[in-house]
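Survey of secondary and tertiary structure
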Amino acid sequence: MPRNIVVLSFTRMGDLIQSIPLLRSLRLRNSNATLSLVVLKDFEETAKRLPMIDHVIAFDVDRFVSSLDTRENPVGAHAELSRLLENPYLSDIDLLVNLSHTRQSATLSSLLNPAKCIGMHRDIEGNLRVNNDWIVYLLSIMEERRFNPFNLVEIYRRIEGDAFVDLNLELALCWDDAVEAEQLFAAHGLSGNRETIALQPGASHAARCWPVERYAELAARFAQDGFQVVVLGDEAETKLAERVSELSNQNVVSLAGKTSVGSLSGVLARCKLLVTNDTGTAHIAAALKIPVIGIFLGPASAKDTAPVGSDHVILEANLPCAPCDYMKACANPVCKSVIDAEAVYETSKCVLDHKLYTLKLPDSIKARLTRVDAEGQFSLQQIGGDKTSIEESLDFYRSFWISFLHQQRGIQEHCVTERVKRELSPGLSELSDICSAADTAMNELMRLSYTESESKARVRETLERQTEWQSSLRALIGNCSAVSPLCRFLLVKTVLARTSSLLNYQTDLTEILSDLHRGIALLESTVIDRNTLIAPIVGELACAES
Amino acid sequence: MNMQLSEIINSYAADIRSGQLLMEAADIPHASNPQGNPTVSFEGRRLHSAVDPLHEAREWVEFYAEQIDAVLEHENAPIIVLLLGPGLGYGISALESYLRERQVDLRLLTVQCVEACPEVAKKALQLCVWEPSLLKVTWQIVSESDTSANRQNSERNSLVLHGTADYQLRRNEYEAFLNNQRNVAGESIPLRVLVPTPLYGGSLPAAYHSASALTHLGYEVELMDMSKYYSQFESANDLTKSESHRKVLKGLYTTYLAESIVARAIDWKADIVWAVAQTPLTPSALRELTHAGIHSALWFVEDFRLFEYWKEVAPLYDVVFTIQKGEFHERLRSLGVHNYFYLPCAANPEIHYPENPTPQDRARYGSQLSFVGAGYFNRAHTFAAIQNPDFKIWGNDWPSQQVGRHRVQEEGRRVSTDETRRIFNSSSININLHSSPVHTDVNPEGDFVNPRTFEIAACGAFQLVDHRSLLSELFDLEDEQVTFKSGEELRSLIGKFSNDEVGRRKYAERARARVLSDHTYEKRMETAVNHMLAVLPDLRKRKHSGNFLEFLIAAVQDDAEMVEYLKRMNPATTTDLDAIASTIELGKGKLSRPEGIFLLMKEFRDWGIEKGVIS
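The rules we used
- Residues numbered from 1 in each chain as written.
- Chains lettered and ligands numbered in written order.
- Predicted model: local features only at pLDDT ≥ 70, side-chain atom pairs only at ≥ 80, totals over all residues.
- Heavy atoms only, no water.
- Helix = DSSP H or I, 4+ residues; strand = E, 2+ residues; numbered from the N terminus.
- Buried < 20%, exposed > 50% of the residue type's maximum accessible area, 1.4 Å probe, protein only.
- Contact = heavy atoms within 4.5 Å.
- Buried area = accessible area lost by both parts, 1.4 Å probe.
- Salt bridge = Lys/Arg side-chain N within 4 Å of Asp/Glu carboxyl O.
- Pairing = 2+ DSSP bridges.
- Axes fitted to C-alpha atoms, helices over the stretch in contact; angles between N-to-C directions.
- Core = buried A, V, L, I, M, F, W, Y, C linked by side-chain atoms within 4.5 Å.
- Expected span 1.5 Å × (residues − 1).
- Arc of directions from axis to C-beta.

A short note on the overall build of chain A
Secondary structure assignment for chain A yields 22 helices and 15 strands. Looking at the 546 residues of chain A, the share that counts as buried comes to 55%. Summarising the internal contacts of chain A: among those between residues at least 6 apart in sequence, 66% fall at separations of at least 24.

So, in structure tokens, the structure goes:
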């Protein structure tokens, strides 16, 4: 049993909070171990409110990077790094879980020299490695997330292998947080007895933000209904929050830039509802069991980052392009104009009155309800409307990835609809061809290691054959979207394959090919009609018996 | 040990320890060729040609000829030649012959032979194949572990020559010795200067000459020749007749060019961006440079009264250099510019030098009286009154009717820099009248001195120059320059000097000597950099940051593994984090802890640069 567990999370606040179920799972499985969390300095306060963590170690990345200016001798950076490495909780690590999927975190993971590491790391020779297929999966969905059925919370939790831990988020609210919030309320003339609604108009990127005028309109409606309205945000969002207050023409109070992580939690705990873009504040509210209405625009994907818990509502534009693919700049953000203030107001009333079943929104808006069921599984349930083709595919992929990555039972039959079969068939045939080509190329590669004197040209030719089937895999992504998630997953693995030696390359490619075979077998099992397969055999057996 | 060798050792040994090692060294045998020239083998390797070691040594010196010449040209102080692995010392004689051929004062040179094999050095001293001369020769014995003896040689060596076979025999030891010596000397890191030129115009040569001078001074220089973009810039004229639209297009293109300069400066990690007047650097680009921690300097080699765009940009440069003083400096101060310095124009003696014109050049470019420049109002007016029949006017925009069609040469085309040198050298009297669009002859309030004054002087040519208030600070007006204050005085001086070749030569020679000693671009750049170092403390810190590796090792003293790792680096090439990171090979053997630390720093730094957090 590991005695010293370290989790490395150089991520933003939202991701940090979404890792709570994973941290909880680590805590429950290793109740006697010391559980330390290494986070960026900015999120130290948030980390301190995670009840399952014994020690929080903050790394001031801004200071560290600024001392790495090309003009400076990196002695300052070395000192900073030494301080981190010499932290007593970071020595003799039995298990390190790296939740930050960057080269830097991989190198740091290896420098900490843990007995076991889960996540991106460097091996003894410095090769970049990812030893967890759920993290490979996470990397593979960065560019195309349409077919990702999992919320980040669930992916994180599955990284550690525990599929059954409760997915609900939790944050410890300290006494100080409550006091701070009370003082903040008093200082701004806010009453502790009136019902309060919080708005969070900012986000990490402008593309994710619902227009400020609509927040103002919404704030005005709430204020007219007698609610006390506060606008939240960090220091950089002060002007935005003040603009909401100004445009509302009501007594709407901006607390942006005035809250610490603690007092933000305290303020949210006093609220009836939070209306927000896709933000870390949404996750804090969810962890405090405050109802959230999340307006997910631009690249914000509810599937990936909706606040986890029950009865939060996610509003999205019902557009084929939504959400934007990650890191793609949109020149025409039509999604911003689809959701009007009236729709959000109506949704809010239904949430506050516990009458979501009465909610009627225009078809242009997609409303989904978050749900954590009795088994702790998280899902998004559409409020009204039929399942679309994409949603059917998502059910299928959910079952596929769980089977594939946990090497468990086959795909659940109810997830394999006729539409799914139709979409899969053409891609599957091409995938099988690629697999045959890859097998042949792999055999040639294996022969290389048994032949002592191969010409350079021959070696080069053999290695080029490997890149050929990988290119075909890449081409298939564009040609057949139904098999593209599997192709992307395999391609991430090829990128990570070690090319430092022939033996390493062979080992890594063998594993990839094994995945390819397994993936094809799993997909084929869904497409092939079992009755047509079994009937002749049954017939043959019957003949033999007679 | 016989007495004679002991005396030789005492007289040649560079230090006591070397002497001691030479005394103690074993004797090794030698052989001679038919001409009686000895050679020796050591550790199974012949150190010199057995056939003709003298010829071999001559070829060896020829190999280094260019390097030797370059040092001799730029080094006035005593020169130390460090000869690593001299073998029996044939190279000393060959070097001496080469220096004699170039009439170098041998007393200025010391040849320091550095030998890693005491046995070889002892044999060299026994045989003494070089002839004692004015050249001072010393022998120093070194070994890899030996660093104590080097401290006395910590001044920068002017010239380092590598011997042939002997050097190869102990290559690592010689390199370690050299690196150690450089460390002790604490060689400063040369500043990186990016010199973007203007797109066109009179300031363009100043940028080229600045870059060349800075290179000669030992700075790391990158010339960004923006003149190649001039045709694209001008192509706006072909697109539209609308002046306002042309202005917009040219403005956008200038913004693009300015951003290119910023991008290059950041990418190349420049310490200073050295701009001259009309270099396309916009206010926002200058702000970006400041934000990126890159210093910028402007040499405004224009008349501040005629070109006023300096007002917009001067406050954004870290340092401004001007060719005018007084009112200009007051106006800069009122704009909030604190770091401004007077830096007059200059000449580049590599471009403008005396030469005897060929008969063809004399026929084409020569005349008794000449002028090179554009046809400004005061010039046209003044020259129209000159009656001299042999008067050639070179340059553009001349009113031919007024000054005489036959005088304006080759249809008033622009002349190249090369041609100006030929004209100056082929003319008896070069008139140099500073331009003025309002005066009829000499501008009585003219202050700055134009580049032509220095260029004519650098050519050793004679000139009559109009009076300028700042001229007397730059030249002795009694002996070095002849000035006039009016058109009338000019005409009188032409009459006076037309037939006075001796007088002309006297002035020309003194003016040239003055330019070479005080008014070259190298002198200007030296002054400019000194001013910048004086007012920009972090630039000073950067220049004198000393040896990167030494500083780093001192800072990580407590970490033995790290110290051990860093000590394996080559101090000469390990000058930044990139250099250390480039030695890390992933997938090739175990990644050590120090390697991991430097890899991590490099990864975070690349990330910081990509995010624009650092530069």
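Comments concerning the interface of chain B and chain A
On the side of chain A, 29 residues touch chain B, which itself brings 37 residues to the contact. Summed over both sides, the interface of chain B with chain A buries roughly 2,900 Å², with 70% coming from carbon and sulfur. Counting the surface chain B buries against chain A, the share from its top three residues, Leu600(B), Met601(B) and Phe604(B), is 22%. Where Arg122(A) meets Glu603(B), a salt bridge forms, and the shortest distance between an N and an O atom there is 2.6 Å.

Here's the deal with the sheet that holds strand β9 (residues 192-196) of chain B
All names here are of chain B. The strand order β10-β9-β11-β12-β13-β14 describes an open sheet built from 6 strands, whose pairing is parallel. Every other strand in the sheet has two partners, leaving β10 (220-224) and β14 (340-342) as the edge strands with one partner each. Going across the sheet, the axis of each strand differs from the next one's by a mean of 20°, ignoring polarity. For strand β11 (residues 272-276) and strand β12 (residues 295-300), the ladder comprises 5 bridges, and the chain directions are parallel. The residue of β12 that forms the bridge with Ile272 is His295. Sheet strands touched by helix α8 (residues 204-216): β9, β10, β11 and β12. Its angle to β10, the strand with the most contacts, is close to 160°.

Focus: the nonpolar core
Phe400(A), Trp401(A), Leu431(A), Leu566(B) and Phe598(B) are the most contacted members of the largest nonpolar core, which has 159 residues in total. For this core, the leading source of residues is helix α18 (residues 418-450) of chain A, giving 11 residues. Formed by 79 residues, the second largest nonpolar core is a distinct cluster that contains Met226(B), Trp268(B), Leu316(B) and Val337(B).

Here's the deal with helix α23 (residues 521-535) of chain B
Residue and element names in this part refer to chain B. Between the first and last C-alpha of α23 there are 21 Å, a value that for 15 residues agrees with the 21 Å anticipated at 1.5 Å per step. Every buried residue of α23 is accounted for by Tyr521, Arg524, Met525, Ala528, Val529, Met532 and Leu533. Looking straight down α23, one finds its buried side chains confined to an arc of 165°; they lie on one side.

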